[in-house]
Amino acid sequence: GTVYDPWHRTAARDRCQGKTGTLRVVSALAGYCITPSGTRVGFAILMNYVNPYSARRLQDRMVSALARYSP
């Protein structure tokens, strides 16, 4: 799968890029974000034994929080 625009109403809009991966009970998301200070931050999220659709919503919230991160 590919992230097309799940972050259109979040801080991650135009700041993050990612790639998804899904199996029956596994959901993954990896990519990078540019923080408000201009720092590039990479991420990889792997969730096992989950409903992939519910996991994707949580992953989107994690990426949005990462896009707002300020060290």
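Refer to the structure above for everything that follows.
All of these numbers come straight from a predicted model, not from anything done at the bench.

> Just to check I follow, could you spell out the overall build of the chain for this structure?
When you go through the chain residue by residue, the secondary structure sums to one helix and three strands. Sequence-ordered secondary structure for the chain, helices as α and strands as β, is β-β-β-α. Its C-alpha atoms give the chain principal-axis dimensions of roughly 35 × 20 × 15 Å. For the chain, the residues scored as buried account for 32% of the 71 residues in total. For the chain, long-range pairs separated by at least 24 residues make up 41% of all intrachain contacts whose partners lie at least 6 apart in sequence. Accessible area for the chain stands at about 4,900 Å²; split by element, carbon and sulfur atoms hold 54% of it.

> Hey, could you run me through the sheet that holds strand S3 (residues 40-48) in this one?
Two strands in a sheet stick together by hydrogen bonds in their backbones, pointing the same way (parallel) or opposite ways (antiparallel). With antiparallel pairing, three strands are arranged side by side in an open sheet as S1-S2-S3. Since the sheet does not close on itself, it has two edges, and those belong to strand S1 (16-23) and S3, each with one partner. Each strand of the sheet is rotated relative to its neighbour by a mean of 10°, with strand direction disregarded. Two elements, strand S2 (residues 26-34) and S3, share nine bridges in a ladder whose sense is antiparallel. When the sheet's bridge partners are listed, Leu29 is paired in S3 with Ile45. Lying on the sheet, helix H1 (residues 52-67) is in contact with S1, S2 and S3; it crosses S2 at an angle near 15°.

> Please clarify how the state of the cysteines should be interpreted in this entry.
Counted by the stated rule, this structure contains one disulfide. Residue Cys16 pairs covalently with Cys33 via a disulfide, S to S 2.0 Å. A torsion of 110° about the S-S bond marks the disulfide between Cys16 and Cys33 as right-handed. Of the two residues, Cys16 sits in strand S1 while Cys33 sits in strand S2, which places them 17 residues apart along the sequence. In this pair, the class of Cys16 matches that of Cys33, namely buried.

Quick notes on the rules
Residues numbered from 1 in each chain as written. Predicted model: local features only at pLDDT ≥ 70, side-chain atom pairs only at ≥ 80, totals over all residues. Heavy atoms only, no water. Helix = DSSP H or I, 4+ residues; strand = E, 2+ residues; numbered from the N terminus. Buried < 20%, exposed > 50% of the residue type's maximum accessible area, 1.4 Å probe, protein only. Contact = heavy atoms within 4.5 Å. Areas by Shrake-Rupley, 256 points an atom, 1.4 Å probe, with all protein chains shown as cover. Pairing = 2+ DSSP bridges. Axes fitted to C-alpha atoms, helices over the stretch in contact; angles between N-to-C directions. Disulfide = S-S within 2.5 Å.

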